Amino acid sequence: MAKKLIKLTPLEPYFLGGERIFEINDGNKHYFIRSLETPSQTTLFGALRFLGIQKVSNTKTLSEEDKANIGNNSFDLEVEHQSFGRINSISPLYLIDNDNKFYVRTPFDHKAGSFDERTETYTAFEFADKKITDRGERLFPKKNEFNAKDGVADSWMSLDGSTVLCNLFEGVVKVGIDKSKKKKAFVKKEYKRLKKGFSFAFFADVDSNFKFYQNEIFLGQGKSSFSVTVDECKELTNDILAAKLRSDMVYAQSDIYCSGDPWKMCLFSAIETRDFRVFTTKYEQQSSLEQYQKHDNHIKLIRAGSVFIPKEGDIDKFRDIIENYAHAKIAGFNQIIIGGTKK
């Protein structure tokens, strides 16, 4: 097996979709649509598979060598026991700068405050004593530790220190027309631009004979161009990040897919969710309408950056619930870090 560090650098503003992002119907209700700031785990996994295709054609028919290299089917979060040729798994998403410093989403227990153009230091909430509620024991931040108006942290934290960077993304508005309509077809689209000097990055665990054929990729609606670099590299350890968290804290490094409400077994949680719908490509189909399929099932993911403090004695049970979805972890979902030092 081999570990590869893959960096994707946007060469222009990009538009990455999510659930409802592309909806411009309902009487033009969603006439202003915004791109996601970062690619999803399935987008990263799809990008890796694209890089392993020998020859890209309009029909997208895979050769036998392609199938051996990347598998025959798109990753489907709801289907278990899929195989992807010489691809074993990928890591969660990172940001990386020109000095090869890595950044992850700032844990949502960060005392964020109102962000302007500035640099901050990761500062976790301090908690008051446990309180009995109608839902059992719960922990709450001390007074003035959390301001609901500010919300949770929307930033990125360096792995080699505690530096928190915000405003790494900016919007670029473009005007479009929904050609399928005769009325109310006007639409504004906010593309995103990643700050200069930064790239998206992830690690790929592949067989030693996995082959990369492409050095450029086009992602998102409008097929924005990204340059690609692939380097031999050992995957990062989580020790530094774990040491920054409470010993009873669970941090979601990637989006989490699971059934039920795992936060209900926690003393404290600071989470956000996002809507997700599986989108697959069937290479064997000839027409574009048949090749690209958007599934009907609606999925709600717990966003990367979310944090949990399970009830005393339940941290292993909580971890088992999250890590039970082995198939999700192939595409970098359900990656968690448990704190290693009490704060």
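This structure is a prediction, so every number in the text was calculated from the model and none was measured. (Residues numbered from 1 in each chain as written. Predicted model: local features only at pLDDT ≥ 70, side-chain atom pairs only at ≥ 80, totals over all residues. Heavy atoms only, no water.)

## Observations regarding the overall build of the protein
Per the secondary structure count, the protein includes 6 helices and 23 strands. When burial is assessed residue by residue, the protein has 47% of its 343 residues classed as buried. Considering only contacts within the protein whose residues lie at least 6 apart along the sequence, 73% involve residues at least 24 apart. Of the roughly 17600 Å² that the protein leaves accessible, carbon and sulfur atoms contribute 46%. (Helix = DSSP H or I, 4+ residues; strand = E, 2+ residues; numbered from the N terminus. Buried < 20%, exposed > 50% of the residue type's maximum accessible area, 1.4 Å probe, protein only. Contact = heavy atoms within 4.5 Å. Areas by Shrake-Rupley, 256 points an atom, 1.4 Å probe, with all protein chains shown as cover.)

## Points about the confidence of the model for the protein
Looking at the protein as a whole, its pLDDT mean stands at 85, while 85% of the residues score no less than 70. Under a pLDDT of 50 for its full length, residues 21–25 has, in the predicted model, 17 contacts with residues more than four places off or in other chains. (pLDDT = per-residue confidence, 0-100.)

## Examining the sheet that holds strand S23 (residues 336–338)
Within the open sheet, the 4 strands sit side by side as S17-S22-S16-S23. Their pairing is antiparallel. Of all the strands in the sheet, just strand S17 (266–270) and S23 have a single pairing partner and so form its edges. Ignoring which end each strand starts from, the neighbouring axes of this sheet average 20 degrees apart. Sheet topology places strand S16 (residues 250–252) next to strand S22 (residues 307–310); 2 bridges connect them, and they run antiparallel. In the strand pairing of S22, valine 250 is matched with phenylalanine 308. (Pairing = 2+ DSSP bridges. Axes fitted to C-alpha atoms, helices over the stretch in contact; angles between N-to-C directions.)

## A word on the sheet that holds strand S2 (residues 32–34)
With respect to topology, 3 strands assemble into an open sheet ordered S2-S12-S11, the strand pairing being mixed. At either margin of the open sheet sits one strand with a lone partner, and together these are S2 and strand S11 (169–177). On average, adjacent strands in this sheet sit at an angle of 25 degrees to one another, irrespective of strand direction. Bridge analysis of S2 against strand S12 (residues 186–194) gives 3 bridges, and the strand direction is parallel. For phenylalanine 32, the partnering residue across the bridge sits in S12 and is lysine 188.

## Quick notes on the packing of aromatic side chains
If you walk through the whole model with that rule in mind, you get 20 aromatic pairs. Between the aromatic rings of phenylalanine 15 and tyrosine 191, the centroid separation amounts to 5.4 Å while the plane-to-plane angle is 65 degrees, which identifies the pairing as edge-to-face. Of this pair, phenylalanine 15 sits in the loop between strand S1 (2–10) and S2 while tyrosine 191 sits in strand S12; the two residues are 176 residues apart in sequence, bridging distant segments of the chain. In this pair, the class of phenylalanine 15 matches that of tyrosine 191, namely buried. Between the aromatic rings of phenylalanine 308 and phenylalanine 318, the centroid separation amounts to 5.0 Å while the plane-to-plane angle is 50 degrees, which identifies the pairing as tilted. Here phenylalanine 308 is found in strand S22, whereas its partner phenylalanine 318 is found in helix H5 (residues 315–323), with 10 residues between them in sequence. For phenylalanine 318, a relative accessible area of 0% gives the class buried. Over the aromatic face of tyrosine 191 sits the side chain of lysine 174, whose NZ or CZ is 4.3 Å from the ring centroid. (Phe/Tyr/Trp six-rings, centres within 6.5 Å; stacked < 30°, edge-to-face > 60°. Lys NZ or Arg CZ within 6 Å of the ring centre and 35° of its normal.)

## Comments concerning the pattern of salt bridges
Oppositely charged side chains can form a pair if their charged atoms are brought close together. Counted according to the given criterion, the structure contains 16 salt bridges. Here lysine 3 ties to aspartate 205 by a salt bridge, and the two come within 3.7 Å at their closest N and O atoms. Remark: aspartate 205 occurs in strand S13 (residues 198–206) and lysine 3 occurs in strand S1; sequence separation between them is 202 residues. Lysine 3 gets classed as partly exposed once you look at its relative accessible area, which sits at 30%. Note that glutamate 272 and arginine 303 form a salt bridge whose closest N and O atoms lie 2.4 Å from each other. With glutamate 272 in the loop between S17 and strand S18 (273–276) and arginine 303 in the loop between strand S21 (299–302) and S22, this residue pair connects regions lying 31 residues apart in the sequence. Among the residues examined, glutamate 272 registers a relative accessible area of 29% and is labelled partly exposed. Each member of the salt-bridge network shares a partner with another, and the members are Arg34, Glu190 and Lys192. (Salt bridge = Lys/Arg side-chain N within 4 Å of Asp/Glu carboxyl O.)

## Some details on the environment of phenylalanine 32
Mapped onto the secondary structure, phenylalanine 32 falls in strand S2. Among the residues examined, phenylalanine 32 registers a relative accessible area of 27% and is labelled partly exposed. When the C-alpha positions of phenylalanine 32 and valine 173 are compared, they lie 9.3 Å apart, and in sequence the two are 141 residues distant. What phenylalanine 32 contacts, discounting residues up to four positions off in sequence, is Val173, Lys188 and Glu190.

## Comments concerning unusual backbone geometry
You will see that asparagine 100, though not glycine, has its phi angle at about 60 degrees, which is positive. With respect to the element layout, asparagine 100 can be found in the loop between strand S4 (94–97) and strand S5 (102–105). Positive phi outside glycine occurs at asparagine 334, with the angle close to 60 degrees. When you line up the elements, asparagine 334 lands in the loop between helix H6 (326–330) and S23.

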